[in-house]
Amino acid sequence: MQHPAVGPSCLQSCFGEVSSFPRRCPLVQLARLEPLLLLLLLLLSRVFIYPRHGMPKPAGSSLLCWASRRDGQTDRQTAPGSRSGISAPMDKSLHLTICVLTALLLLRESSQAGAGRNDDAMSKGTDHRGTGEGLPTLTVTTILEDPYVMVRGAELEGYCMELLAALAGMLRFQYRVRVVGDGQYGAVAAGGNWSGMIGEILRREADIAVAPLTVTSAREEVVSFTTPFLQTGIGILLRKDTASQDMSFFHFLSPFSKETWTALLFAYLLTCFCLFLVARLSPSEWNEPKNEENHFTFLNSLWFGAGALALQGATPRPQALSVRVIAVVWWLFTLALLAAYIANFTALLSSGSEQLPIQTFEDLVKQRNLEFGTLEGSSTFYYFKNSKNPIHQMIYEYMEKRREHVLVKTYQEAVQRVMDSNYAFIGESISQDLAAARHCNLIRAPEVIGARGFGIATTQASPWTKPLSIAVLKLRESGDLDYLRNKWWESSCLRQSRERWGPLEPPALGGLFLTLGIGLALGILAALAELSSSSRRAAAHAKKSCCSVFTEEICTRLRIKGAARQSQDTPGKANA
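Being a predicted model, the structure only gives us computed values, none of them experimental.

## Some remarks on a nonpolar patch on the surface
Point 1. Taken together, the side chains of Phe250, Leu253, Leu514, Ile518, Leu522, Ile524, Leu525 and Leu528 define a hydrophobic patch exposed on the protein surface, amounting to about 710 Å² of accessible area.
Point 2. Assessed through its relative accessible area of 53%, Leu522 is described here as exposed.

## Some thoughts on the pairing of strand E12 (residues 449-454)
Point 1. Of all 6 residues that make up E12, 5 are buried, and the element is covered over most of its length.
Point 2. Pairing of strand E8 (residues 230-239) with E12, which is carried by 4 bridges, proceeds in the antiparallel orientation. Its bridge partner lying in E12, Ile234 is registered against Ile449.

## Observations concerning the packing of aromatic side chains
Point 1. This structure, assessed with the given rule, holds 21 aromatic pairs.
Point 2. Note on Trp261 and Tyr341: the rings are 6.2 Å apart at their centroids and 70° apart in plane angle, and the pair reads as edge-to-face. Taken as a pair, Trp261 in helix H11 (residues 258-281) and Tyr341 in helix H13 (residues 321-350) lie far apart in primary sequence, 80 residues in all.
Point 3. Given a relative accessible area of 27%, Trp261 falls into the partly exposed group.
Point 4. Residue Tyr341 is classed as buried on the basis of its relative accessible area of 17%.
Point 5. Put simply, the rings of Tyr148, Tyr159, Phe229, Phe454 and Trp489 pair up and form one aromatic cluster.
Point 6. Over the face of the ring belonging to Tyr423 we find Arg417, whose NZ or CZ atom lies 4.3 Å from the ring centre.

## Quick look at the nonpolar core
Point 1. Counting 46 residues, the largest nonpolar core has Phe384 and Phe425 as its most contacted members.
Point 2. Sorting the residues of this core by element identifies helix H8 (196-202), E8, helix H14 (361-366), helix H15 (379-386), helix H16 (390-401), helix H18 (411-420), strand E10 (423-428) and strand E11 (442-444) as the ones contributing at least two each.
Point 3. With residues near it in sequence (within four places) discarded, Phe384 still touches Ile234, Phe361, His392, Gln393, Ile395, Tyr396, Met399, Ile426 and Ile449.
Point 4. Core analysis: the next-biggest nonpolar cluster, separate from the first, contains 33 residues, Val210, Leu468, Ala471 and Val472 among them.

## Considering the pairing of strand E2 (residues 137-142)
Point 1. Most of E2 sits out of view: 5 of its 6 residues are buried.
Point 2. Bridge count between E2 and strand E6 (residues 208-209): 2 bridges; the pairing is parallel. Within the sheet, the bridge partner assigned to Thr141 lies in E6 and is Ala209.

## Quick word on the packing of H15 against H16
Point 1. Taken N-terminus to C-terminus, the directions of H15 and H16 make an angle of 120°; their axes are 7 Å apart at the nearest point. The pairing of H15 with H16 is recorded here as oblique in orientation. Crossing of H15 against H16: the hand is left-handed. In this structure, H15 uses Phe381, Tyr383, Phe384 and Lys385 to contact H16, whose residues at the interface are His392, Gln393, Ile395, Tyr396, Met399 and Glu400.
Point 2. A per-class count over the contact of H15 with H16 returns 6 nonpolar, 2 polar and 2 charged.

## Topic: the pattern of salt bridges
Point 1. In this structure the tally under the stated criterion is 12 salt bridges.
Point 2. The salt bridge involving Glu157 is made with Arg152; its shortest N-O contact spans 3.2 Å.
Point 3. Exposure remark for Glu157: the relative accessible area of 30% places this residue in the partly exposed category.
Point 4. By relative accessible area, Arg152 is classed as partly exposed at 45%.
Point 5. Across the salt bridge formed by Glu376 and Lys409, the nearest N and O atoms sit 2.7 Å from each other. In this pair, Glu376 sits in the loop between strand E9 (371-373) and H15 while Lys409 sits in the loop between helix H17 (403-406) and H18, placing the two residues 33 residues apart along the sequence.

## Re empty space enclosed by the protein
Rolled over the atoms, a probe with the dimensions of a water molecule shows which regions are left empty.
Point 1. A full pass over the atoms with the stated rule returns 2 cavities of 30 Å³ or more.
Point 2. In terms of lining residues, the largest cavity is bounded by 17 residues, among which Tyr185, Pro212, Leu375, Ser378 and Glu428 are the most central.
Point 3. For the lining of the largest cavity, the element with the most residues is E10, which contributes 4 residues.

## Some points on the side chain of Ser379
Point 1. Examined against the element boundaries, Ser379 turns out to sit in helix H15.
Point 2. According to the relative accessible area criterion, Ser379 is buried, its value standing at 10%.
Point 3. Those residues in contact with Ser379 that lie beyond four places of it in its chain are Thr214, Thr216, Arg219, Glu428 and Arg452.

## Notes on the confidence of the model for the chain
Point 1. With 65% of its residues at a pLDDT of 70 or more, the chain has an overall mean of 74.
Point 2. Confidence over residues 47-86 falls short of pLDDT 50; this stretch has 43 contacts with residues more than four positions distant or in other chains.
Point 3. Note on residues 110-126: pLDDT is under 50 here. Beyond four places in sequence and across chains, it has 11 contacts.

## With respect to the state of the cysteines
Point 1. Counted under the stated rule, the structure contains 0 disulfides.
Point 2. In this model Cys272 remains outside any disulfide bridge; the closest cysteine sulfur is found in Cys274, 9.3 Å from its own.
Point 3. Its relative accessible area of 1% is what places Cys272 among the buried residues.

## Digging into H11
Point 1. When the terminal C-alpha atoms of H11 are compared, their 35 Å separation across 24 residues agrees well with the 34 Å that a helix rising 1.5 Å per residue should span.
Point 2. Considered for burial, the residues of H11 that qualify are Leu264, Tyr268, Thr271, Cys272, Leu275, Phe276, Val278 and Ala279.

Thresholds, definitions, all that
- Residues numbered from 1 in each chain as written.
- Predicted model: local features only at pLDDT ≥ 70, side-chain atom pairs only at ≥ 80, totals over all residues.
- Heavy atoms only, no water.
- Patch = residues over 30% accessible without salt bridge, like charges linked within 9 Å, V, L, I, M, F, W, Y side chains within 5 Å.
- Areas by Shrake-Rupley, 256 points an atom, 1.4 Å probe, with all protein chains shown as cover.
- Salt bridge = Lys/Arg side-chain N within 4 Å of Asp/Glu carboxyl O.
- Buried < 20%, exposed > 50% of the residue type's maximum accessible area, 1.4 Å probe, protein only.
- Helix = DSSP H or I, 4+ residues; strand = E, 2+ residues; numbered from the N terminus.
- Pairing = 2+ DSSP bridges.
- Phe/Tyr/Trp six-rings, centres within 6.5 Å; stacked < 30°, edge-to-face > 60°.
- Lys NZ or Arg CZ within 6 Å of the ring centre and 35° of its normal.
- Core = buried A, V, L, I, M, F, W, Y, C linked by side-chain atoms within 4.5 Å.
- Contact = heavy atoms within 4.5 Å.
- Axes fitted to C-alpha atoms, helices over the stretch in contact; angles between N-to-C directions.
- Parallel < 35°, antiparallel > 145°, perpendicular 65-115°, else oblique.
- Left-handed = near helix turned anticlockwise from the far one by under 90°.
- Nonpolar A, V, L, I, M, F, W, Y, C, P; charged D, E, K, R; others polar.
- 1 Å grid on protein atoms, 1.4 Å probe; cavity = no way out; pocket = protein on both sides within 12 Å on 5 of 7 lines; lining within 4 Å.
- Points joined across faces, edges and corners; volume = space filled by probe spheres on them.
- pLDDT = per-residue confidence, 0-100.
- Disulfide = S-S within 2.5 Å.
- Expected span 1.5 Å × (residues − 1).

Here you go:
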């Protein structure tokens with residue numbers, strides 16, 4: 001009697017397909033609930049089957065090996081139709097025992113693998129992703145920073161998490177995410193050891209680092225970086241009310257520069273002089289110089305030019321063609337000038353709150369109202385330390401002398417300090433754009449220096465560096481990186497600024513009121529000077545005191561209106 005070989009065919013004959021045997025075999029279902037029952041079944045088979053047929057119990061070998069030896073002995077000792085061999089019931093029992101034992105081993109391995117995955121998923125500070133069987137699993141280190149990696153309940157989300165999921169789908173790998181223990185990006189300590197995510201990669205605690213990690217030469221010497229997935233630089237984050245420029249009292253002069261106002265004054269005087277000169281040369285304006293009076297005196301010419309600037313008609317009216325040509329040209333000039341002034345002044349008033357006195361890093365160094373600093377141990381700090389630019393060296397010396405007061409530990413602390421105090425934060429421009437998008441009272445200065453990028457860090461000579469770089473390039477070419485950038489940097493401040501309206505504050509037009517007051521005062525003083533001169537001549541003619549005549553003139557001129565009213569009221573009373 002031939003016995004079937006022990007192997008997949010044995011399992012299939014007992015259970016069918018391996019993937020379906022838990023549903024088809026009641027013994028295996030029972031073994032899942034209590035493996036001790038299966039062990040008891042094996043012991044009973046050894047006790048009742050072997051002594052019954054007079055065969056020795058296998059010792060020092062596995063049941064499969066013993067079954068193989070027994071098959072050979074049966075072939076040699078048993079003849080067809082003989083009854084001295086092993087009976088058919090024993091063959092079936094042995095067959096069943098081997099199948100059950102093999103199924104138990106498969107169930108045990110499956111349960112151990114499942115338990116191992118559950119233990120990994122329950123590790124503190126990790127996020128296990130990926131469902132593919134047999135795929136490589138990478139340990140990913142990152143840092144909590146909005147919007148790159150954020151905690152939402154029991155999950156991690158953000159720009160870097162979506163980027164990591166896209167890379168895992170393209171390169172076919174699973175990953176476990178863990179937050180860096182010391183909360184640092186990576187810097188060299190005093191003993192030469194690296195901290196943060198760079199240190200975890202060097203100690204093989206993580207395979208890759210997916211975070212806003214700046215690619216620098218010092219880091220490139222100890223780890224490898226992929227192609228940058230975000231481009232950034234170094235900027236200045238300010239609060240609008242602390243950074244807004246103090247509005248000048250003569251703010252209404254701001255639409256034009258000093259040079260423009262100087263050129264305008266020169267054009268005005270030159271045009272008035274040309275009017276005065278042409279009016280005297282033209283026979284139509286002055287036909288008989290000895291007998292006629294020319295109305296275009298120099299003062300009248302100045303008055304005519306000023307009236308045109310205010311879009312008001314003024315006398316004298318030109319009669320000669322030459323004078324009219326100059327007048328028309330001057331009117332066109334003033335019309336275009338006023339249109340430009342009104343347009344610039346309107347734009348200036350609407351955006352006056354966003355005019356920053358700190359436009360560059362040089363402006364930041366020269367001012368004394370704001371403190372400024374950066375993240376302690378960050379690549380930005382070492383950028384200023386290693387820079388040969390004098391302005392950058394001044395910034396580094398300032399931060400080094402006051403490092404306990406101006407350097408911050410985290411990015412969130414920096415943003416909060418900018419919002420709460422007179423503090424300017426120097427850091428990654430792309431992160432500052434996010435802060436300005438989330439907090440509408442913050443703004444980033446225009447100047448950006450030190451162009452750099454965020455890359456994925458791997459161990460040196462890692463097989464994942466080049467595939468990750470190629471995958472990042474494919475995501476950039478397909479527009480996925482731009483989509484993630486717009487998704488996580490979305491801002492509502494632009495819409496709010498368009499919808500917001502507020503009345504003009506007094507400083508915006510204070511200079512106009514001051515100019516009006518000065519003009520009124522000059523007019524009154526000029527009138528008093530004229531009256532004083534006239535009173536002096538009258539006093540000399542009447543041989544009286546100049547002060548008494550001046551006082552009488554003032555009283556008389558101020559009482560003219562009252563006297564006229566009295567003269568008007570007297571006839572009315574008489575008629576009544």
